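# Coordinate analysis (summary)
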Amino acid sequence: LVLMGSYGFGLGRLMGTVVELYHDEAGIRWPKSIAPYSIHLLELNDAKGEQLYVSLQREGIQVLYDDRDMSAGQKLVESDLIGIPWRLAVSPKLGGGKVELKQRGEERTEIIAAQVPEILKRIAA
């Protein structure tokens, strides 16, 4: 006789299942439909991304804003580990008014205008 008990399908079990199904060697790859954020905004090399962060939030976009004082390399690696579907990097090296956009799991990056409509058009596609 085998008996099994369960207190239900909890959030912890669900998260574990998602990580098991959606990951690669760099970390989690959250599906857009259940990602905790839509965009991971990285402020690199003393760039100022706060205005872009506020603008994206005003549009109803869930944004994780990383303005920690760390190297660009550390932030990029941690961004892949966290696995948010889109990464926006703000850096003075890109020139004024530009950001780097990358979809998690893709190799290709795009340099685009740091305009909220332009960003929303790219991530909605």
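Scroll up for the structure.
Conventions we followed
- Per chain, the residues get numbers from 1 upward, laid out in the order the sequence is written.
- Where local features are concerned, this predicted model is filtered to residues with pLDDT of at least 70; where side-chain atom pairs are given and counted, the filter is 80 or more; whole-chain, interface and lining totals use all residues.
- To get the side-chain values, all heavy atoms of the structure are used, and hydrogens and water are removed first.
- Among the buried residues, those of types Ala, Val, Leu, Ile, Met, Phe, Trp, Tyr and Cys that are joined through side-chain atoms within 4.5 Å form a nonpolar core.
- Exposed residues in this analysis have more than 50% of their type's maximum accessible area, buried residues have under 20%, and partly exposed residues fall in between, with area computed by a 1.4 Å probe over protein chains only.
- Every residue pair with non-hydrogen atoms within 4.5 Å of one another is taken to be in contact.
- Strand pairing requires that DSSP identify at least two bridges connecting the strands.
- Numbered from the N terminus, helices here are DSSP runs of H or I no shorter than four residues, and strands are runs of E no shorter than two.
- Interaxial angles span 0 to 180 degrees and are taken between N-to-C directions of axes, which are lines fitted to C-alpha atoms, for helices over the stretch in contact.
- A carboxyl oxygen of Asp or Glu within 4 Å of a side-chain nitrogen of Lys or Arg is what we treat as a salt bridge.

### Structural notes on the nonpolar core
Formed by 17 residues in total, the largest nonpolar core has its most connected members in Ile-39, Leu-41, Leu-52, Leu-56, Leu-88, Val-99 and Ile-119. Not counting residues up to four positions away in its chain, the partners in contact with Leu-52 are Leu-41, Leu-88, Val-90, Val-99, Ala-114, Val-116 and Ile-119.

### A word on the pairing of strand E7 (residues 109-113)
Bridge count for strand E6 (residues 98-103) against E7 is five bridges, and the pairing is antiparallel. Looking at E7, one finds that Lys-102 is bridged to Thr-109. The turn joining E6 and E7, which pair antiparallel and follow one another in sequence, is formed by five residues; a positive phi near 95° is taken by Gly-105.

### A word on the environment of Ile-112
Its place among the elements puts Ile-112 in strand E7. For Ile-112, a relative accessible area of 3% puts it in the buried group. For the pair Ile-112 and Ile-28, spaced 84 residues apart in the sequence, the C-alpha separation amounts to 25 Å. Discounting chain neighbours no more than four positions away, the residues touching Ile-112 are Gly-97, Lys-98, Val-99, Leu-101, Glu-118, Ile-119 and Arg-122.

### Here we look at the sheet that holds E7
Reading across the sheet, the five strands line up as E4-E3-E5-E6-E7 and stay open at both edges, with mixed pairing between neighbours. In this open sheet, the two edge strands, each paired with only one partner strand, are strand E4 (63-66) and E7. Adjacent strand axes in the sheet meet at a mean angle of 25°, parallel and antiparallel pairs treated alike. Against the sheet, helix H4 (residues 116-124) makes contact with strand E3 (39-43), strand E5 (86-90), E6 and E7, and its axis sits at roughly 150° relative to E7, the strand it touches most.

### Considerations on the environment of Gly-97
Relative to the elements of secondary structure, Gly-97 occurs in the loop between E5 and E6. The spatial distance from the C-alpha of Gly-97 to the C-alpha of Thr-109 is 16 Å, given a sequence separation of twelve residues. The residues contacting Gly-97, other than those within four sequence positions of it, are Ile-112, Ala-113 and Ala-114.

### Considering the pattern of salt bridges
Oppositely charged side chains can pair when the atoms bearing their charge come close. Applying the stated criterion to the full structure yields ten salt bridges. The salt bridge partner of Arg-87 is Glu-100, with a shortest N-O separation of 3.6 Å. Pair noted here: Arg-87 is in strand E5 and Glu-100 is in strand E6, with a separation of 13 residues, a long-range link. Glu-100 carries the same exposure label as Arg-87, and that label is buried. For Glu-110, the salt bridge goes to Arg-108, with nearest N and O atoms at 3.8 Å. Members of the salt-bridge network, linked through shared partners, are Arg-108, Glu-110, Glu-118, Lys-121 and Arg-122.

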